[in-house]
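The lines below spell out each chain.
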Amino acid sequence: MSSQPTHENEANELVNWDLLFEDRDYTGNEFGSSDDDTATEPEEVTHLTPMDMENDNESDDETPSSGDPIQVLRTATNRQKLIGQDLTAKVVGVLEYMDVLGLDLPIFMDALSWGDEECNQNGKVRYQRSALLHSVELPAILRRWSKPPISSSTKKKRARGASPVMHQFALELVEEIIDQELENLAPDLKSPVGDDVRAETLTSTGFEGMQASAEEHAPSCLRLLKTMATRTRQKKNTGKNPEKRIDNKSEFGNGTAATVYVKPDAVPLSEEANINLKKQRAEGLKNPLTGLDVVDLAQAAYPRILTHTEHQVLRFLLEAPDFDIQTYSGRNSDVLTPPPPVNLLPSGPKHVTRQFLLGTVNIPEASYEDHERLIDEWFNQLGWKNPRERMKLAMHGIVAWVGDQLTVDRLRGLFKFRAEDENSFERLDFMVLTFGWLHLKMAFANSLHKQYIGTSRGQGLRHAFETLKRKGLTKVMTAGPFHHDLDEALHHVAEAHLREDWLNIAGAKNLGELRKRSPEELVKLATELVQHHASTEALDDMDQAVQNGEPLDAQKRQLIMWNRDVLHYIVLAGAIRHGDVGLMEDFLPTLFFRFVGGGNSNYSTEVLELLQGLNREWPDEIK
C-alpha cells in the first residue's frame, strides 16, 4: 500500500480542500434549502424522495460555471488515466488498506454517507461523497446492485445482490411520493364539505383540465399510471396512446359500480327480522296474489290517486302565467293546498341518506355467472370475506338489493336456481330484491310514447313533437338525454291539453277569466274536469253511450285516455321526487295493468313481484 500516499498527494495537488469548502456550512450539511428544514439526526434520515435529491443533490458543491460539477470532470479525467491499467489490483489494494485500518465497505459507505459527524465536517470526505452522488456512474451502480449481471458462460443463477432491500426501499419511496403528490392534487378534486355537487361543477369539469392538473401536481403518479397502462411490448405500437382512451368509443369495457345507501334515522331491525323474513316468504310462496287480488288493491288505492290527480289538474291552472297566482285574491285559501301525502318519508338534514361508493370493477352484467362474481366482489369490498362473516350475515342480516330491471331479474334468477343449496348464504334468502323507481318511471314514459306516438298528420305525440320542434323524440332510445327530453315534452303536451280543458269546463275564453272564481269553485271545476275529461269513468260513459246507439267520438276518447294516463305519470313522478312511498305503492296495480296491456313482460313481472313482497312475503319491519 505504499502507493496510497502518492495518490493522496496527487489529489491534494489537484484540489485545495480547505479553499474549496471554506464558505460551506460547517455543520456538515451540504444541502441547499428544502421543503423540510427541521433538524434531523443522520441515523433518522431513512428516505429521500426524487424531489429531495433533485433539489438537494449536493448543489453547494457545484462550481459557479454552467458546466458539469468539478467532481464529475475529475472522475472523467481519472477514468481516462486508468484506461489500459489493471483496475482490479487498485481496487484490491484499497480493500486491503481498509483491512489494515479496521474498516470494511459497509462501515466505509455508512461513514461517507452522513453516518459519522466528524466525517461530515471533513472537506475531503464531503468532496468524494459529492463525486459519487453527482457521478454519471451512480444510476448504473444502483441498477447492478438491484440486478447483478450474469456471465453468459456460467450456469449459475444470478446473484441476488441488494434486490430485496432496494425493492422494499423503492416501494416505500414510491408510496411517499404518491402520497405527497395526491395531497398536492387534492384541492383541485375536493368538493365543499356538506354541500351537494352542483350542476355547474359537473358540467365545468373536463378530463383535459384534470390531466393538466395531474401533470402539474402529480407528475410521478401520472407517469406510474401511464406505465401501468402500457406494457413494454406495446410501446412499439405508436398508434396506441392511453391518454386518448376517452376518445376511443369503439373500445368495449365494463365499469360496473355499486353504491351503499345508509339511512341514519332508520330503526334497526329486530334480531328476529332475518328468520321472520324467511318464514313469511315461505308462507307467501304458497299463497301468491291472484288477478282479483290486484284488482282489489287497485280499487282500494283509486280514491287516493284520484285526490292527487285532481290537485295536479288544479296546479296546471294555478301555475299558468295568465292566471298569475301571486295576485290572485284567494291564493292563501286552505282548499288550494296539496292533499296530504299517503306515506311520506321524513325529510330534513337529520334524515339525509348517506351514500358510499364501492370500487368500480371490470365485470359485466351479462350473465348469471357475472352477477355471482359481482355479489362476491361487493361482499368482499364490504368486509364479508370469510365463511364465518358470511354465515353471520346470512343468519342474522338482511341485504336490500336495488337495481335496474335486468340486474334484479338476474339476481332473482340466481335466487331461484340456488333454492335447494345447502346453506342460507348460498341460497341468497337473506336478500330483498326490488327495482329502482327511476328505471320504472322511464319504462312508464316509454310506454306512453309507444301508445300515443301517432303520426305527423294526426293528433298524437309525433305531431306535437314536430309542432314544438322537439327533435330526436320520434324513436325510443336509451342513450343520451332521451328520457329527460321525453319527460319534459310529456309535461308540456299534458299542460297544453289540460289548460284547454279548463277553458271548456269553465266556459272561459282565457285562463285569466278564472281569477274571478273562488278557490272553492276552482276545486270543484278541477274535480269535474278529471271526471269528464281524464278518468276511466268518462271512458266507460262513452262506451256505454256507443252501446246505446250514439256515434263514437274517437278523437275525444283518445284525448280522455291520454289525459288520464299522462296525469298518472306526472303524479307518480311527483310522488317519487318527494318520497311519498305510500302513493308510489298505490300506483303499483295500475302500473301492472299498463305493462301487461303494453306487452312489457319484464316490468309487469317486477311490479307483480313487488306487490307479492309487500302483500304476502315481507314482514312489516322489512316493508
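Right above here is the structure, for reference.
Residues numbered from 1 in each chain as written. Predicted model: local features only at pLDDT ≥ 70, side-chain atom pairs only at ≥ 80, totals over all residues. Heavy atoms only, no water.

Engineer: Hey, could you run me through the overall build of the protein in this one?
Structural biologist: The helix and strand tally for the protein stands at 28 helices and four strands. Counting every position in the protein, which comprises 623 residues, the buried fraction comes to 32%. For the protein, the share of sequence-separated contacts (at least 6 apart) that also reach a separation of at least 24 residues comes to 71%. (Helix = DSSP H or I, 4+ residues; strand = E, 2+ residues; numbered from the N terminus. Buried < 20%, exposed > 50% of the residue type's maximum accessible area, 1.4 Å probe, protein only. Contact = heavy atoms within 4.5 Å.)

Engineer: Whenever I open this one, the pairing of strand E3 (residues 399-403) confuses me. Can you help?
Structural biologist: Looking down a regular strand, the side chains alternate between one sheet face and the other. Burial of E3 is one-sided: the residues Val399, Trp401 and Gly403 facing one way are buried, the residues Ala400 and Val402 facing the other way are not. One ladder, built from five bridges, connects E3 with strand E4 (residues 431-435); its direction is parallel. Counted as the bridge partner of Val402 is Thr434 from E4. (Pairing = 2+ DSSP bridges.)

Engineer: So what exactly am I meant to see when it comes to the packing of aromatic side chains here?
Structural biologist: Two aromatic rings are characterised by how far apart their centres lie and by the angle between their planes. Within this structure, the stated rule accounts for 13 aromatic pairs. Ring centres of Phe595 and Tyr603 lie 5.7 Å apart, and the angle between their planes is 40°; on these two criteria the pair is classed as tilted. By relative accessible area, Phe595 is classed as buried at 1%. Residue class for Tyr603 comes out buried when judged on its relative accessible area of 9%. Aromatic rings pair up to connect Phe379, Trp384, Trp401, Phe425 and Phe430 into one cluster. Looking at Arg410, its charged tip hangs above the ring of Tyr368, at a distance of 5.3 Å from the centre. (Phe/Tyr/Trp six-rings, centres within 6.5 Å; stacked < 30°, edge-to-face > 60°. Lys NZ or Arg CZ within 6 Å of the ring centre and 35° of its normal.)

Engineer: Where do I start with the side chain of Thr407 in this structure?
Structural biologist: Of note, Thr407 is situated in helix H18 (residues 405-417). In terms of polar contacts, Thr407 uses its side chain to reach the side chain of Glu365, at 3.1 Å. For Thr407, the side chain forms a polar contact with the side chain of Asp404, separated by 2.8 Å. Residues in contact with Thr407, not counting those within four places in the same chain, are Glu365, His371 and Trp401. (Polar contact = N/O pair within 3.5 Å; in protein donor to acceptor, adjacent residues only side chain to side chain.)

Engineer: Is there a simple way to think about the side chain of Thr256 in this case?
Structural biologist: Tracing the sequence through the fold places Thr256 in the loop between helix H13 (219-229) and strand E1 (259-262). The exposure class assigned to Thr256 is buried, which follows from its relative accessible area of 9%. Of note is the side chain of Thr256, whose polar atom sits 2.3 Å from the backbone oxygen of Ile363. Apart from the residues within four sequence positions on either side, Thr256 is in contact with Gly359, Thr360, Val361, Ile363, Pro364, Glu365, Leu374 and Trp378.

The values are spatial; any link to function lies outside them.
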